[in-house]
Every structure is written in C-alpha cells, then in structure tokens.
Amino acid sequence: MAKFTHGPLLSPSDATSAYDAGAVDSGTCITLPSGGSTPSPATVPAVSCLPSLVCVGMAKAGTDELRGWLSLHPNLSSSTDREVQYFNHGIFRAMPGGVVGPVHHRSLLEAALRTSWSEYAARFPVPREHIGRVLTFEKSPGYARPQHNLSRVANGIERHVPFLMRRLMPSVRLVLLLRDPVALVRSRFVHCLRQAGRQRRPPLPSCGGAVERDYESMLTAGAGLLRLEPGGAAGGSPLRPVAEFASGPSSLLNRVLAHAGLQRHDWRASGYPGPDGSLTFHPRKSKSVRERASRRPLLPGFEAATRDALTPVLIRFRTQHPCLRPPWPLGSATSAASGPTDRADTSPLCRARGARTHAAPQ
Ligand SMILES: Nc1ncnc2c1ncn2[C@@H]1O[C@H](COP(=O)(O)OS(=O)(=O)O)[C@@H](OP(=O)(O)O)[C@H]1O
C-alpha cells in the first residue's frame, strides 16, 4: 500500500508531542511558516510531508538519474534539495553544541531527532491540494556511506542512520541502486580526483586507496538499511530493486514504483525521446542518453585488474544474498572456480521473494 501524504496536519508546536506519541511516520504532514521564520496572520503556512521513499545509494550508481525520473511522476514529489543528507549530516547540526569525535550515545541523536524532525520534513513541501495524492521522496547516497571526513561530521554517525530512520518513519520504503563495481569504482575515482583538484583535499593518492573496502562498506551499509523496512528484519528482506539504469530506465523505475506501492507508469509519455530513440527525463540533465553515449569504455587492463580485486567482495555479496541474480561478472581468475555462486538461487523461498519483489503493481 502506498504511503501517501495525509492529514491531520500537525502544527509546529505539536511536532515533539506527536513524535513522543508515535504518531509520526512517512506521509505525516506538518504546517510550517512559509517565507521566513516569523509567521504572521497573513502568512499561509506551507505544508511539508515526510518521505515515503528514500534512495539510500550507492553513490555513483545513478541516484541522480533516479531522482530526475521519479520527479516526472504525477504522484511523486521530490525533496527541494538534490540530496537532503539529514540522517547523516543535518541531524548532527541539531545536536546541542555539536559533537566532534565518535558518537557513542544514540540517545543524543534521538534527542536531536525529536526536536529537529520538522526541519527534515521542511525539505518536502507539498501543495495542500496535492495531499493524499502524492508521496514524497528523496535520495541521499550518504546514508549508506561511512563518513571519511571526520573533521566536520560526527565520527561514526552513519552507524546510527538505520535506527534514526526507523524511529522517525517506520513505514519508509528504501531503494538501493547497485552498479557494476568496476564502473562504479572508476566513477568514484574520477569524482575524487575532481574534488582533490578543487580542494586539495583529500590528498590525491587517497583517491585510489581502499576501493574494495569502500565498495563493500556501501554494500553492507545499504543492505543493513534495507533490513529496517517493514518485514525486513523477520523476512530477511532481499536487496531491491537490483538493476542498473544502463539496462533501461522503464523496468527499473516501475520496480521502484511497485516497491513504493504505486501503479506501473507509462514513462514514455512522461520522458523525452533522445536523439537515438532512447528516453531521457531531461534533454540536458539526464545521463541516460547524453553521457552514456560519450562515456569512454574502460581500459581492458584496468577493468580486468579492478574486477579481480573486487571479486572477493562480489563472492561475499552473492553468498550473503543468494536470492539475487548475480548482476556482474567475476574476475577471470576466480569465475571458473566460483561454480554455483554464478547462478541465482531458484529455491522456493527465493522464488517467493522474487515474486514479491517483482510483482506487477495493482
Ligand atoms: N542511465 C544511466 N545509465 C548508465 N549510467 C548512468 C545513467 N545515469 C547515470 N549514470 C551514471 O551514474 C553516475 C552518477 O551517479 P549518481 O547520480 O548516483 O552520482 S552521485 O553519487 O549523486 O554523485 C555517473 O557515472 P560516471 O559517468 O561513470 O561517473 C553517471 O554517468
């Protein structure tokens, strides 16, 4: 069932008591003063509603593309920011005096959540007449990424993201996009180099370091987050949806919709046809057409070496999630020996889960 935005509308003074009463969840709406912090009788309060769908990563797996596409859907309303980053950054700013160093006490974070959740909700404005007809969403790949920059962010805050999300929005539906690790590693490497060029930080050599650990930690954190979905802990929720944009946006997007409880959508009618007949959500912004056509292929030597380095990670992934169709090839040194891990598990349990995951929306 889709968790649409809904009333009754809370007023800002009700925010904390509603939180204490367990009356806050995905779709909960709150009125907030529009146009500044000093409400006047003439100010019509804007309504903001907590998200029902959150894409938690992986970074560089096409999360922006997903956001662009979903924004075209008539029943979906995106956050105002490209990435909200509340559970791993914003909430930290709400902590009294700030915290530097490891966050040992979850209670501090929960206290900040209790008093600042309406600031998070404020990132999802919804016109009053759309309440009940739309659900809000955001994407923040940082939710599934361990923080490396420890200077301004509470060290270890990412460990608490699943608890905080579940506490605020028990019904939230999560999406973890995955991408072939080799392509993803290159994308992150290029991104890191660009940042290094701009900020002289992180130091250039660190861009190439710890790629396997980096990839695996995003995977593990992402899988950990998905377990907090309703039924996730008991049912051992599989990762979903698992697909790459490169395989065509329509089926991926419809799986995301099904997961959010929405009906299948005719994306062709919403998107723009690209020059080669493929679809894009925006002729200039979408990467479905523009960048894919211009992206240079990976150098074979780089691809082989990176895939070999990441193969142990992939094997662990397949062992931990046997119901998933293994999406990527293993390194040449190990693929022959990998045997059954190369095939998706077709046991009744996995088939049942697959049916639930890929069921056509009503
Ligand atoms: N449709 C489609 N097909 C294939 N690849 C695609 C698609 N859309 C986005 N991308 C690629 O995804 C990379 C950007 O991912 P993100 O938007 O998640 O990046 S970010 O984490 O928000 O910075 C970035 O990868 P690189 O170009 O390799 O850097 C995009 O090109």
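Thresholds, definitions, all that
- Residues numbered from 1 in each chain as written.
- Predicted model: local features only at pLDDT ≥ 70, side-chain atom pairs only at ≥ 80, totals over all residues.
- Heavy atoms only, no water.
- Helix = DSSP H or I, 4+ residues; strand = E, 2+ residues; numbered from the N terminus.
- Buried < 20%, exposed > 50% of the residue type's maximum accessible area, 1.4 Å probe, protein only.
- Polar contact = N/O pair within 3.5 Å; in protein donor to acceptor, adjacent residues only side chain to side chain.
- Phe/Tyr/Trp six-rings, centres within 6.5 Å; stacked < 30°, edge-to-face > 60°.
- Lys NZ or Arg CZ within 6 Å of the ring centre and 35° of its normal.
- Salt bridge = Lys/Arg side-chain N within 4 Å of Asp/Glu carboxyl O.
- Patch = residues over 30% accessible without salt bridge, like charges linked within 9 Å, V, L, I, M, F, W, Y side chains within 5 Å.
- Areas by Shrake-Rupley, 256 points an atom, 1.4 Å probe, with all protein chains shown as cover.
- Pairing = 2+ DSSP bridges.
- Axes fitted to C-alpha atoms, helices over the stretch in contact; angles between N-to-C directions.
- Contact = heavy atoms within 4.5 Å.
- UniProt positions renumbered as here; feature names shortened; annotations may be inferred.
- Right-handed = clockwise from strand over helix to strand, strands pointing away.
- Arc of directions from axis to C-beta.
- 1 Å grid on protein atoms, 1.4 Å probe; cavity = no way out; pocket = protein on both sides within 12 Å on 5 of 7 lines; lining within 4 Å.
- Points joined across faces, edges and corners; volume = space filled by probe spheres on them.
- Nonpolar A, V, L, I, M, F, W, Y, C, P; charged D, E, K, R; others polar.

**Notes on the side chain of glutamine 85**
Working step 1: Topologically, glutamine 85 is positioned in the loop between β5 (76-78) and α3 (86-93).
Working step 2: Glutamine 85 gets classed as buried once you look at its relative accessible area, which sits at 15%.
Working step 3: At 2.8 Å, the side chain of glutamine 85 forms a polar contact with the side chain of glutamate 83.

**With respect to the packing of aromatic side chains**
Working step 1: The tally for this structure, following the rule as stated, stands at seven aromatic pairs.
Working step 2: With a centroid separation of 5.2 Å and an interplanar angle of 80 degrees, the aromatic rings of tyrosine 120 and phenylalanine 124 are classed as edge-to-face.
Working step 3: By relative accessible area, which is 1% here, tyrosine 120 ends up buried.
Working step 4: Its relative accessible area of 0% is what places phenylalanine 124 among the buried residues.
Working step 5: By the ring-pair criterion, three or more aromatic residues cluster together here, those being Tyr86, Phe87, Tyr120, Phe124 and Tyr143.
Working step 6: Taking NZ or CZ as reference, arginine 106 lies 3.7 Å from the ring centre of phenylalanine 163, over its face.

**Here's the deal with the pattern of salt bridges**
Working step 1: Counted by the stated rule, this structure contains twelve salt bridges.
Working step 2: Two residues, arginine 316 and glutamate 216, come together in a salt bridge whose shortest N-O distance is 2.8 Å. Here arginine 316 is found in helix α12 (residues 300-320), whereas its partner glutamate 216 is found in helix α7 (residues 211-226), with 100 residues between them in sequence.
Working step 3: Among the residues examined, arginine 316 registers a relative accessible area of 38% and is labelled partly exposed.
Working step 4: Linked by salt bridges that have partners in common, Asp64, Arg82, Glu83 and Lys139 make up one network.

**Let's talk about the environment of phenylalanine 124**
Working step 1: Inspection of the secondary structure assignment puts phenylalanine 124 in the loop between α4 (106-121) and β6 (135-139).
Working step 2: Put simply, phenylalanine 124 and cysteine 49 are 75 residues apart on the chain and 5.7 Å apart in space, counted from C-alpha to C-alpha.

**Quick look at a nonpolar patch on the surface**
Working step 1: A cluster of nonpolar side chains, Phe189, Val190 and Leu193, forms an exposed patch at the surface whose accessible area comes to about 200 Å².
Working step 2: With respect to the helices, strands and loops of the structure, leucine 193 is situated in helix α6 (residues 181-199).

**What about the sheet that holds strand β7 (residues 173-176)?**
As a general point, the strands of a sheet are linked pairwise by backbone hydrogen bonds and lie either parallel or antiparallel.
Working step 1: An order of β5-β6-β4-β7 is seen for the four strands of this open sheet, with the pairing classed as parallel. Both edges of this open sheet fall to β5 and β7, since each of them pairs with a single strand only. Direction aside, the axes of adjacent strands within the sheet are offset by 25 degrees on average.
Working step 2: In the sheet, strand β4 (residues 53-57) pairs with β6 via three bridges, with the strands oriented parallel. In the strand pairing of β6, cysteine 55 is matched with lysine 139.
Working step 3: Helix-sheet contacts for helix α9 (residues 249-260) involve β4, β5, β6 and β7, and the interaxial angle to β7 is about 155 degrees.

**Side note on the sheet that holds strand β2 (residues 28-32)**
Working step 1: Overall, mixed pairing links the three strands, which are arranged β1-β2-β3 in an open sheet. Two strands lie at the open edges of the sheet, namely β1 (6-10) and β3 (46-49), each paired on one side alone. On average, each strand axis in the sheet is inclined to that of its neighbour by 35 degrees, with strand direction left out of account.
Working step 2: Set on the sheet, α4 makes contact with β1, β2 and β3; between it and β2 the angle comes to about 85 degrees.

**Here we look at the UniProt feature "active site" (unreviewed entry) in the chain**
Working step 1: In the numbering used here, UniProt assigns the feature "active site" (unreviewed entry) to Lys60.
Working step 2: On the secondary structure map, lysine 60 appears in the loop between β4 and α2 (63-70).
Working step 3: What makes lysine 60 partly exposed here is its relative accessible area of 29%.
Working step 4: Once residues lying within four places of it in the same chain are set aside, the contact partners of lysine 60 are Arg179, Leu184, Ser187, Arg188 and His191.

**Comments concerning the pairing of β1**
Moving residue by residue along a regular strand, the side chains alternate between the two faces of the sheet.
Working step 1: Bridge analysis of β1 against β2 gives two bridges, and the strand direction is parallel. In the sheet register, leucine 10 faces β2, and the bridge partner there is isoleucine 30.
Working step 2: For the crossover that starts at β1, traverses helix α1 (residues 15-20) and ends in the parallel β2, the hand is right-handed.

**A short note on helix α5 (residues 161-168)**
Working step 1: All buried positions along α5 are accounted for by Val161, Leu164, Met165 and Leu168. For α5, the arc enclosing every buried residue in end-on projection is 95 degrees, short of the 170-degree limit, so these residues lie on one face.
Working step 2: Where α5 is buried, its residues touch α1, β4, α3, α4, β7 and α7.

**Thoughts on empty space enclosed by the protein**
Working step 1: Overall, the coordinates contain one cavity of 30 Å³ or more when judged by the stated rule.
Working step 2: In this model, the largest cavity occupies a volume close to 40 Å³.
Working step 3: Taken together, Leu53, Val54, Cys55, Thr63, Leu66, Arg67, Leu70, Phe137, Glu138, Lys139 and Val175 make up the full set of residues lining the largest cavity.
Working step 4: Looking at the lining of the largest cavity, the elements that each hand over two or more residues are β4, α2 and β6.
Working step 5: Among the elements that make up the lining of the largest cavity, the one with the highest residue count is α2 (four residues).
Working step 6: Residue composition of the lining of the largest cavity, by class: seven nonpolar, one polar and three charged.

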